[in-house]
Amino acid sequence: MKIAMGLLLLVSIGLLSTVALSLIFGGPSQPPAMTDINGPFKALDNRDLPELDTYQARDGSQLAYRHYPAEASGDAGNGSVVLLHGSAGNSRSLHTLARAYADAGFSAYSLDVRGHGASGPRGDIAYIGQLEDDLQDFIDAVGPATPRTLVGFSSGGGFALRVAGSQHPQRFAHYLLLAPFISQEAPTYRPDSGGWTSVGLPRYITIALLNQLGIDTFNHLPVMRYAVDDEVAPSLTPAYSFTLAQNYRPRPDYLATLEAVDRPMRVLAGRDDQIFRAEHFAPVFQHAGHEVPVKLLPGIEHIGLILDPGAIDAAIAETRHLIDTNPAR
């Protein structure tokens, strides 16, 4: 009996030691800066960048966004587009795209998603599901014109997919996903997202297992870092906590999320995307609950999808097609 108790004690000590070491030393390293991701933003002319507005979320926080009113000649039937930036980014990174939507007659809103930009402490949120609550609070407080289209880029596209496959997809009439993150288990995934991310797997896995036991004490530790360079890092969010990393993406069972999609949706990506394997988007979206057209643009890389004039024209055309062929329900 004493031997058995001793062995159990040793095993318990070993497990606790493994957990402690994973939490303390198993975090993400800083990946080398990716010039082809950071560089294009440095040459942008943002002199006409709108000032930040804010709305109050249910927890009392003031969260930031930028509004791009539609040109007076715009079609009122266009409604509004709500834009979600990629990982580490903020509303500024979608300025070129948002301005083009406004020029095309859409009322455009570019969000600083909580944990980014001017929306709360960067890199963390209070709980998994808070981003969905924030999006609902934005709609209630600001009241974007209908029909509403949710446009998400990269990780923002993954979160848009999460919303579309949720219990409340009716928040938006249409969804446009621009090179969306799907899952590290999906065939679209490149190892380390092509060098953009560094994941602290020991810490990530340990926290996920602890969550299954009902322990969320360590959810605010960083588990992901991004390949931002020092020049732009101060305005970006270079690391995500477990909580933010789990929320700003589709749910872990991405196939179930796809199967739950019942709103009009389209996917646009560049053929030369260096973050994701673009050729696999079409096979992945065959699992959606209804047809989701996927279009790949030749000669377009990941960031080019939101900066290249031809790619932006294609995104606006896809949005118009969603509206014209799928009247808001």
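We now turn to the structure provided with this report.

Definitions and limits used
- Residues numbered from 1 in each chain as written.
- Predicted model: local features only at pLDDT ≥ 70, side-chain atom pairs only at ≥ 80, totals over all residues.
- Heavy atoms only, no water.
- Core = buried A, V, L, I, M, F, W, Y, C linked by side-chain atoms within 4.5 Å.
- Buried < 20%, exposed > 50% of the residue type's maximum accessible area, 1.4 Å probe, protein only.
- Contact = heavy atoms within 4.5 Å.
- Axes fitted to C-alpha atoms, helices over the stretch in contact; angles between N-to-C directions.
- Helix = DSSP H or I, 4+ residues; strand = E, 2+ residues; numbered from the N terminus.
- Parallel < 35°, antiparallel > 145°, perpendicular 65-115°, else oblique.
- Left-handed = near helix turned anticlockwise from the far one by under 90°.
- Phe/Tyr/Trp six-rings, centres within 6.5 Å; stacked < 30°, edge-to-face > 60°.
- Expected span 1.5 Å × (residues − 1).
- Polar contact = N/O pair within 3.5 Å; in protein donor to acceptor, adjacent residues only side chain to side chain.
- Pairing = 2+ DSSP bridges.
- Right-handed = clockwise from strand over helix to strand, strands pointing away.

1. A word on the nonpolar core
Then step 1. By size, the foremost hydrophobic cluster in this structure holds 91 residues, and its most contacted members are Y101, L178 and F285.
Then step 2. Once you skip the residues sitting within four places of it in the chain, Y101 turns out to touch V81, L83, F106, A108, V151, L176, A315, I316 and T319.

2. Side note on the packing of helix α3 (residues 95-103) against helix α11 (residues 309-325)
Then step 1. Orientation of α3 relative to α11, taken along the N-to-C sense of each, is 50°, at an axis distance of 10 Å. Compared by their axis directions, α3 and α11 come out oblique. The two elements α3 and α11 meet at a crossing, and its hand is right-handed. Facing T96, L97, A100 and Y101 of α3, the residues of α11 in contact are I312, A315, I316 and T319.

3. Comments concerning the packing of aromatic side chains
Then step 1. In the structure shown here, the tally under the stated rule is 13 aromatic pairs.
Then step 2. Taking the centre distance of 6.2 Å and the plane angle of 50° together, the rings of Y55 and Y65 count as tilted. With Y55 in strand β1 (residues 53-56) and Y65 in strand β2 (residues 62-68), this pair connects stretches of sequence that are 10 residues apart.
Then step 3. Residue classification places Y55 among the buried positions, given a relative accessible area of 7%.
Then step 4. On the basis of relative accessible area, Y65 is assigned to the buried category, the value being 8%.
Then step 5. Judged by centre distance (6.2 Å) and plane angle (45°), the rings of F181 and F276 are tilted. One end of the pair, F181, is in the loop between β6 (174-178) and β7 (197-199); the other, F276, is in the loop between β10 (265-270) and α9 (281-285), with 95 residues separating them in the sequence. Residues F181 and F276 agree in their burial class; the two are buried.
Then step 6. Taken together, the aromatic side chains of Y55, Y65, Y109 and F138 make up a single cluster linked through ring pairs.

4. Observations regarding α11
Then step 1. Taking 1.5 Å of rise per residue, the 17 residues of α11 would be expected to cover 24 Å, and the 24 Å separating its terminal C-alpha atoms lies within 8% of that figure.
Then step 2. Where α11 begins, the capping side chain belongs to D308, and its oxygen is found 2.9 Å from the backbone nitrogen of G310.

5. Let's talk about the pairing of β6
Then step 1. Among the five residues that make up β6, five are buried, leaving the element largely enclosed by the rest of the structure.
Then step 2. Covered by surrounding structure in β6 are H174, L176 and L178 together with Y175 and L177, the residues of both alternating faces.
Then step 3. Strand direction decides the pairing type here: strand β5 (residues 148-153) and β6, joined by five bridges, are parallel. For L150, the partnering residue across the bridge sits in β6 and is Y175.
Then step 4. In this fold, the crossover linking β5 to β6 by way of helix α5 (residues 155-164) has right-handed handedness.

6. Section: the sheet that holds strand β4 (residues 107-111)
Then step 1. The strand order across the open sheet built from eight strands is β1-β2-β4-β3-β5-β6-β10-β11, with neighbouring strands paired in mixed fashion. Sheet topology places β1 and β11 (294-297) at the edges, where each strand pairs with a single neighbour. On average, each strand axis in the sheet is inclined to that of its neighbour by 25°, with strand direction left out of account.
Then step 2. Where helix α4 (residues 130-142) meets the sheet, it contacts β1, β2, β3 (80-84), β4 and β5, and its direction lies at approximately 105° from that of β1.

7. Some details on the sheet that holds strand β9 (residues 239-241)
Then step 1. An order of β7-β8-β9 is seen for the three strands of this open sheet, with the pairing classed as antiparallel. Here the strands that pair on one side only, and so sit at the sheet edges, are β7 and β9. Averaged over neighbouring strand pairs, the angle between their axes works out to 20° when direction is ignored.
Then step 2. The sheet contact formed by β7 and strand β8 (residues 222-226) spans three bridges and is antiparallel. The residue of β8 that forms the bridge with T197 is Y226.
Then step 3. Sitting on the sheet, helix α6 (residues 201-212) is in contact with β7 and β8, with an inclination near 140° to β8.

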